Amino acid sequence: MATPLLDMSAARVFFDGIFTNPRVAHPEGVAIHRDGSIWCGTETGELLRVAADGSSVERMGGTGGFLLGIAFDGAGNCFACDLKHAAVFRWDAATGEMARFASSGIRVPNYPVIDEGEGWLYVSDSDGARSGAGIFRYDVGSGHGGPWCRDPMSFANGMAMAPDGKGLYVVESDAARVSHVGIRDDGSAGEKSVAIENVANVPDGLAFAPDGSLFISCYEPSRIYRWRAGAGLELLIEDPAATTLAHPTNIAFKGDKLYTANLGRWHITEIDLKLLAR
């Protein structure tokens with residue numbers, strides 16, 4: 001196996017929520033607020049805010065379900081996928097209320113991507129075989145919408161908007177790959193094509209770095225890859241003990257730091273990417 005680009009010393013537990021109140025109960029989704037705080041969702045349906053310096057945690061809202069991926073819009077509203085309720089919830093930045101936003105047709109809403117320029121919320125459906133679509137699309141204002149990409153997918157999971165805004169990259173966890181679905185000029189879905197293969201073994205989350213490289217987190221084993229045009233797929237970091245990186249799911253960038261949720265434990269991990277340049 002290839003040697004990781006980063007030693008595990010580049011990663012640390014940023015916030016340990018095993019005994020905090022509220023407890024950071026097996027977080028899957030993670031996103032960065034515009035104020036620098038790190039937000040996550042938990043297996044008990046709570047939406048949590050960790051202070052930018054990692055000094056505290058507070059509960060912002062909840063669904064009573066199981067939160068998966070989360071994403072912010074430009075106004076600071078947070079969209080959260082809920083496994084139990086088969087719906088996307090919206091936390092309102094102005095009122096602090098969290099309410100059901102969209103659910104039409106979707107079975108396992110896993111990860112949301114917001115295209116504010118065009119006014120759409122894209123959501124992967126991990127049970128697309130039964131719902132009839134691997135990706136759904138909803139109006140970001142009203143929540144109305146339905147199936148968008150009907151091409152078969154093997155457990156559609158994390159997603160990321162292409163840097164040019166003309167397509168979505170989507171993890172197919174059961175096929176160990178990342179695929180690309182173009183967005184046509186009329187807004188309809190283009191054909192799905194395989195973008196990155198052999199992402200061993202269970203890829204989960206995606207995030208583009210400012211330089212255009214794509215980072216891919218793996219639920220199993222506990223590792224993160226980097227993909228770059230020309231260089232291909234590189235093993236960024238791996239935790240054989242699955243303790244600091246403990247089945248990382250979703251990932252998010254803040255400057256030269258990468259933050260991961262860890263479905264296997266009770267903490268948020270921070271990875272210092274400045275070390276890549278050394």
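Look a little higher up for the structure.
Along each chain, numbering runs from 1 in the same order as the chain's sequence is written. The predicted origin of the model limits local features to residues at a pLDDT of at least 70 and limits the giving and counting of side-chain atom pairs to 80 or more, whereas totals for whole chains, interfaces and linings rest on all residues. Side-chain numbers here rest on the full set of heavy atoms in the structure, without hydrogens or water.

A. Main features of the pattern of salt bridges. We count a salt bridge whenever a side-chain nitrogen from Lys or Arg sits within 4 Å of a carboxyl oxygen from Asp or Glu. Summed over the entire model, instances satisfying the criterion amount to 13 salt bridges. A salt bridge links Arg59 to Glu46, with the nearest nitrogen and oxygen atoms 2.9 Å apart. Remark: Glu46 occurs in strand E4 (residues 46-50) and Arg59 occurs in strand E5 (residues 57-62); sequence separation between them is 13 residues. Per-residue accessibility, obtained with a 1.4 Å probe over protein chains only, is compared with the maximum for each type, and a residue is labelled buried under 20%, exposed over 50%, and partly exposed between these values. The exposure class assigned to Glu46 is buried, which follows from its relative accessible area of 18%. By sharing partners, the salt bridges in this structure join Asp35, Arg49 and Glu58 into a single network. Helix and strand assignments follow DSSP, with helices taken as H or I runs no shorter than four residues and strands as E runs no shorter than two, numbered in order from the N terminus.

B. Structural detail: the sheet that holds strand E9 (residues 98-102). With respect to topology, 4 strands assemble into an open sheet ordered E6-E7-E8-E9, the strand pairing being antiparallel. The open sheet terminates on both sides in strands that have one partner only, identified here as strand E6 (67-72) and E9. The average undirected angle you get between the axes of adjacent strands in this sheet is 30 degrees. Two strands pair if DSSP finds at least two bridges between them. Pairing between E6 and strand E7 (residues 78-82): 4 bridges, direction antiparallel. Bridging across to E7, Phe72 finds its partner in Cys78. Comment: axis = line fitted to C-alpha atoms, over the contacting stretch for helices; angle = value between 0 and 180 degrees taken between N-to-C directions.

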